Amino acid sequence: MECQECEKRSATLHFTQVINGHKTEVHLCEYCAQEKGYMNNGEHNFSLHSLLSGLFNFDSAPSLSGSQSTSYNPKNSLQCEKCEMTYHEFTKTGKFGCANCYTTFNEHLHPIFRRVHSGNTKHDGKIPKRAGDAIHLRKTINEHKVKLKELIQNEEFEEAAKARDQIRELEKKLRNDRDGDS
Amino acid sequence: MSLQNFINEAISPWLKEEGDDSDIVLSSRIRLARNFMDIPFSIVAEEDDLQNVLDVFEDNFKHQSFGTYQDFELVRMAELEPVEKRVLVEKHLISPNLAENNSTGAVLISQNEQVSVMINEEDHIRIQLYYPGFQLENALEHASTFDDWLEEKINYAFDENRGYLTSCPTNVGTGMRASVMMHLPALVITQQMNRIVPAINQLGLVVRGIYGEGSEALGNIFQISNQITLGKSEKDIVEDLKSVVQQLIEQERNARNRILNDSGIELEDKVFRSYGVLAHSRIIQSKEASKCLSDVRLGIDLGLIQNVSNTILNELMVLTQPGFLQQYAKKILSPEERDVRRATLIRERLNLEKE
Ligand SMILES: [Zn+2]
Ligand SMILES: [Zn+2]
């Protein structure tokens, strides 16, 4: 199969690009894939850089009438307080600077993940053991809090006091686990 | 060093074992991307931050063992000559990207070379685990328990909704790439890849050639891997890949039988001509060498060529790469010199079979 870019070399990288729900097949030779930023030094971890920047241009343009330049977009000045990466830098490199960037840019990430992962935005795989303990603990605490509210509304104060103690116990455990890690 | 000894050292021990369907699937690999929660990713990190990452491996994992993975060696990029790094790249133990990180880049490798952990690549941690043949489930299971072992000492960057947090948005979620390396000569000869590749893409999988610097799938060796890492479990990703690979194996087997039935003598001619080129040429470029090696391997798999071991394709595809040729020669070689060395090495290797 011929590379769709140079129409000379034979295509060796083949994948499907999903843009707003439309699937497009992409067939490129190694050289053009490098050129277009789809690949990192030949490792098959393609950065999909141009795919990402295409998306950013698309979703920043309609938000401003008149000035189309992305640098005027207020969300571009969003900055991660941990690593100091700005949203604008993220759109240029297509790479996050640290774990906290995910939180800082959170509300703008859905369309990006949807495009890169065929519409998916939420993790459905492995949960690490130790971090996972805290996640389960937090979940239980939230369930108890809902129950506590109900009990108070129903004026079952004795039960409510028990539930409140349980929550305190769990929260203490959560704090201890966290301190134990560091 | 004798060629036999050189081969013994050059070829990863796990690659010498047979796996399921190893006439078509050469190897299976699981790669997991992980990062430290409290350290900036490599792209923005200071050298001190990445030194801390390296120290954790130095203090906790160097010369340790886990299950069948014995005595992990910690190798720093700074300690290696360019040709030694090239050899690690050609063995797929490190990426070219890691080889360039001379300050804090390192790799943790088990004695049998089945597991390698790239340290301070694009992500702080990239676990790679290989199995011979078609053994994706085994590879996933072992990669996952190995991952748990690392996690005992490392606070991974993880988020309930986004999963394992990676530097590139294309890896977030499971952080996993599952892949198989397949030898598909009959599908190439019968020109079916043009039809098959788009169909595979529709299923969210990526197909690419892995050998060769330029443009094509040298040696008719293809890598099939998952594109999506978010929103599917590791098990489902592997299942989906597995079912596609199973169909490809079947189609390749059918194509082989059809060629054998319809044009047996032409195929036999092609295979033995290639054998002749490998056995007698004095100058050979890597493109021609890989084409001939693919033909000979096909001939072995179909029983046309006997008394040559079927590992010859895997072995010589690796050994005839520029890094290995120069390591064997113990000096830097020009491209022309490499073509001569390559021809010599292949002839010697085929002679070993006769002993
Ligand atoms: Zn091209
Ligand atoms: Zn950040």
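Residues numbered from 1 in each chain as written. Chains lettered and ligands numbered in written order. Predicted model: local features only at pLDDT ≥ 70, side-chain atom pairs only at ≥ 80, totals over all residues. Heavy atoms only, no water.

Per an unreviewed UniProt entry, the recorded name for chain B is Protein-arginine kinase, and the organism is Salirhabdus euzebyi. The record in UniProt for chain B states the following under Sequence similarities (unreviewed entry): "Belongs to the ATP:guanido phosphotransferase family." (UniProt positions renumbered as here; feature names shortened; annotations may be inferred.)

As annotated in an unreviewed UniProt entry, chain A carries the name Protein arginine kinase activator and comes from Salirhabdus euzebyi.

(A) Focus on the overall build of chain B. The number of helices and strands found in chain B is 13 helices and 10 strands. A globule of 355 residues ought to have a C-alpha radius of gyration of about 20 Å, and chain B, at 21 Å, matches this closely. Seen through its principal axes, chain B has C-alpha atoms that stretch 65 × 45 × 35 Å. Long-range contacts, defined as pairs at least 24 residues apart, comprise 70% of the intrachain contacts of chain B with a sequence gap of at least 6. (Helix = DSSP H or I, 4+ residues; strand = E, 2+ residues; numbered from the N terminus. Rg over C-alpha atoms; globule rule 2.2 N^0.38 Å. Contact = heavy atoms within 4.5 Å.)

(B) Highlighting the interface of chain A and chain B. Each partner contributes to the interface: chain A provides 58 residues, whereas chain B provides 66 residues. Across the interface of chain A and chain B, roughly 5,300 Å² is buried in total on both sides, 52% from carbon and sulfur atoms. Applying the counting criterion to the chain A and chain B interface returns 5 salt bridges. Of the charged contacts, one joins Asp148 of chain B and Lys129 of chain A as a salt bridge, the two residues approaching to 3.8 Å between their closest N and O atoms. Taken together, the links from chain A to chain B amount to 19 residue pairs in polar contact (both at pLDDT 80 or more). Examining the composition of the side of chain A that touches chain B, we find that 6 residues originate from one element, helix H5 (residues 106–116) of chain A, more than from any other. Class assignment for the residues of the side of chain A that touches chain B results in 23 nonpolar, 22 polar and 13 charged. (Buried area = accessible area lost by both parts, 1.4 Å probe. Salt bridge = Lys/Arg side-chain N within 4 Å of Asp/Glu carboxyl O. Polar contact = N/O pair within 3.5 Å; in protein donor to acceptor, adjacent residues only side chain to side chain. Nonpolar A, V, L, I, M, F, W, Y, C, P; charged D, E, K, R; others polar.)

(C) Spotlight on the domain arrangement of chain A. Looking at chain A, the domain boundaries give domain 1 (13–46), domain 2 (73–123) and domain 3 (129–181). With centres defined by C-alpha atoms, the gap from domain 2 of chain A to domain 3 of chain A works out at 32 Å. (Domains from an automatic or database assignment.)

(D) Representation of the side chain of Glu90 of chain B in the model. Residue and element names in this part refer to chain B. With respect to the helices and strands, Glu90 occurs in helix H3 (residues 82–90). Within the structure, Glu90 has its side chain in polar contact with the backbone nitrogen of Gly323 (distance 2.6 Å). In this view, Glu90 contacts Val318, Gln321, Pro322, Gly323 and Phe324; residues no more than four positions away in its chain are not counted.

(E) Seen up close, the coordination of the zinc ion (ligand 2). All names here are of chain A. Protein-derived coordination of the zinc ion (ligand 2) comes from Cys80 (SG), Cys83 (SG), Cys98 (SG) and Cys101 (SG), at a distance range of 2.3 to 2.4 Å. One way to put it: the 4 donor atoms around the zinc ion (ligand 2) meet at angles of 96 to 126°, and that makes the site tetrahedral. Mapped onto the polypeptide sequence, the residues donating to the zinc ion (ligand 2) form the spacing pattern C-x2-C-x14-C-x2-C. Of this pair, Cys80 sits in the loop between helix H2 (49–60) and helix H3 (87–93) while Cys98 is found in the loop between H3 and helix H4 (99–104), placing the two residues 18 residues apart along the sequence. With a relative accessible area of 6%, Cys98 lands in the buried category. (Donors = N, O, S within 2.8 Å, 3.2 Å for Na, K, Ca; no water. Tetrahedral: all angles 85-135°; square planar, octahedral: opposite > 155°, others 65-115°. Buried < 20%, exposed > 50% of the residue type's maximum accessible area, 1.4 Å probe, protein only.)

(F) Focus on the pattern of salt bridges. Residue and element names in this part refer to chain B. Following the criterion strictly, the structure yields 29 salt bridges over all chains and no others. The closest approach of N and O atoms between Asp301 and Arg256, which form a salt bridge, is 3.5 Å. Linking Asp301 in helix H10 (residues 286–301) with Arg256 in helix H8 (residues 234–262), this pair joins segments that are 45 residues apart in sequence.

(G) Up close: the confidence of the model for chain A. Residue and element names in this part refer to chain A. Summarising the model, chain A shows a mean pLDDT of 75, and 70% of its residues fall at 70 or more. No element of chain A has a lower mean pLDDT than H2, at 48, and none a higher one than H4, at 94. This stretch, residues 57–71, has a pLDDT under 50; its non-local contacts, to residues over four places away or in other chains, come to 15 contacts. (pLDDT = per-residue confidence, 0-100.)

(H) Region of interest: the environment of Gln285 of chain B. Residues and elements named next belong to chain B. With respect to the helices and strands, Gln285 occurs in the loop between helix H9 (264–280) and H10. On the accessibility criterion, Gln285 (52% relative accessible area) is exposed. Once the C-alpha coordinates of Gln285 and Arg338 are considered, the two residues, 53 residues apart in sequence, prove to be 8.2 Å apart. Those residues in contact with Gln285 that lie beyond four places of it in its chain are Asp339 and Arg342.

(I) Quick look at unusual backbone geometry. All names here are of chain B. Within the chain, Asp71 stands out as a residue other than glycine whose phi angle is a positive 45°. On the secondary structure map, Asp71 appears in the loop between helix H2 (47–60) and strand E2 (73–76). Positioned with a positive phi, Glu113 is a non-glycine residue whose angle comes to about 60°. Within the secondary structure layout, Glu113 lies in the loop between strand E3 (106–109) and strand E4 (115–119).

(J) Region of interest: the side chain of Asp148 of chain B. Secondary-structure assignment places Asp148 of chain B in helix H5 (residues 136–151). Apart from the residues lying within four places of it in its own chain, the contact partners of Asp148 of chain B are Lys126 and Lys129 of chain A.

(K) Summary view of the UniProt feature "domain: UVR" (unreviewed entry) in chain A. UniProt feature "domain: UVR" (unreviewed entry): in the numbering of this structure it lies at residues 138–173 of chain A. Between the first and last C-alpha atoms of residues 138–173 of chain A the distance is 10 Å; the span itself is 92% helix and 0% strand.

(L) Up close: the packing of aromatic side chains. Per the stated rule, a full pass over the model turns up 16 aromatic pairs over all chains. An angle of 40° between the planes, with centres 5.6 Å apart, marks the rings of Phe72 of chain B and Phe146 of chain B as tilted. Here Phe72 of chain B, found in the loop between H2 and E2, pairs with Phe146 of chain B, found in helix H5; they are 74 residues apart in sequence, far enough to count as distant. Taken together, the ring pairs connect Tyr87, Phe90, Phe96, Tyr102, Phe105 and Phe113 of chain A into an aromatic cluster. (Phe/Tyr/Trp six-rings, centres within 6.5 Å; stacked < 30°, edge-to-face > 60°.)

(M) Looking closely at the nonpolar core. By size, the foremost hydrophobic cluster in this structure holds 104 residues, and its most contacted members are Ile30, Phe57, Leu150, Met182 and Ile224 of chain B. With 9 residues, the single largest contributor to this core is H8 of chain B. Inspection of this core shows a minimum of three residues originating in each of domain 1 (1–15 + 30–160) and domain 2 (259–352) of chain B. Beyond its immediate stretch of four places on either side in the chain, Phe57 of chain B contacts Phe36, Lys62, Leu74, Leu108, Val117, Ile119, Ile125, Leu150 and Ile154 of chain B. Counting residues in hydrophobic clusters, the runner-up holds 20 residues, among them Phe96, Ala99, Phe105 and Ile112 of chain A. (Core = buried A, V, L, I, M, F, W, Y, C linked by side-chain atoms within 4.5 Å.)

(N) Quick look at the packing of H3 of chain B against helix H12 (residues 322–329) of chain B. All names here are of chain B. Relative orientation of the contacting elements H3 and H12 amounts to 130°, with a least axis distance of 8 Å. Judged by the angle between their axes, H3 and H12 are oblique. In this structure, H3 meets H12 at a crossing whose hand is left-handed. In contact with Val83, Arg86, Val87 and Glu90 of H3, H12 contributes Pro322, Gly323, Phe324, Gln326 and Gln327. Partitioned by chemical class, the residues of the contact of H3 with H12 number 4 nonpolar, 3 polar and 2 charged. (Axes fitted to C-alpha atoms, helices over the stretch in contact; angles between N-to-C directions. Parallel < 35°, antiparallel > 145°, perpendicular 65-115°, else oblique. Left-handed = near helix turned anticlockwise from the far one by under 90°.)

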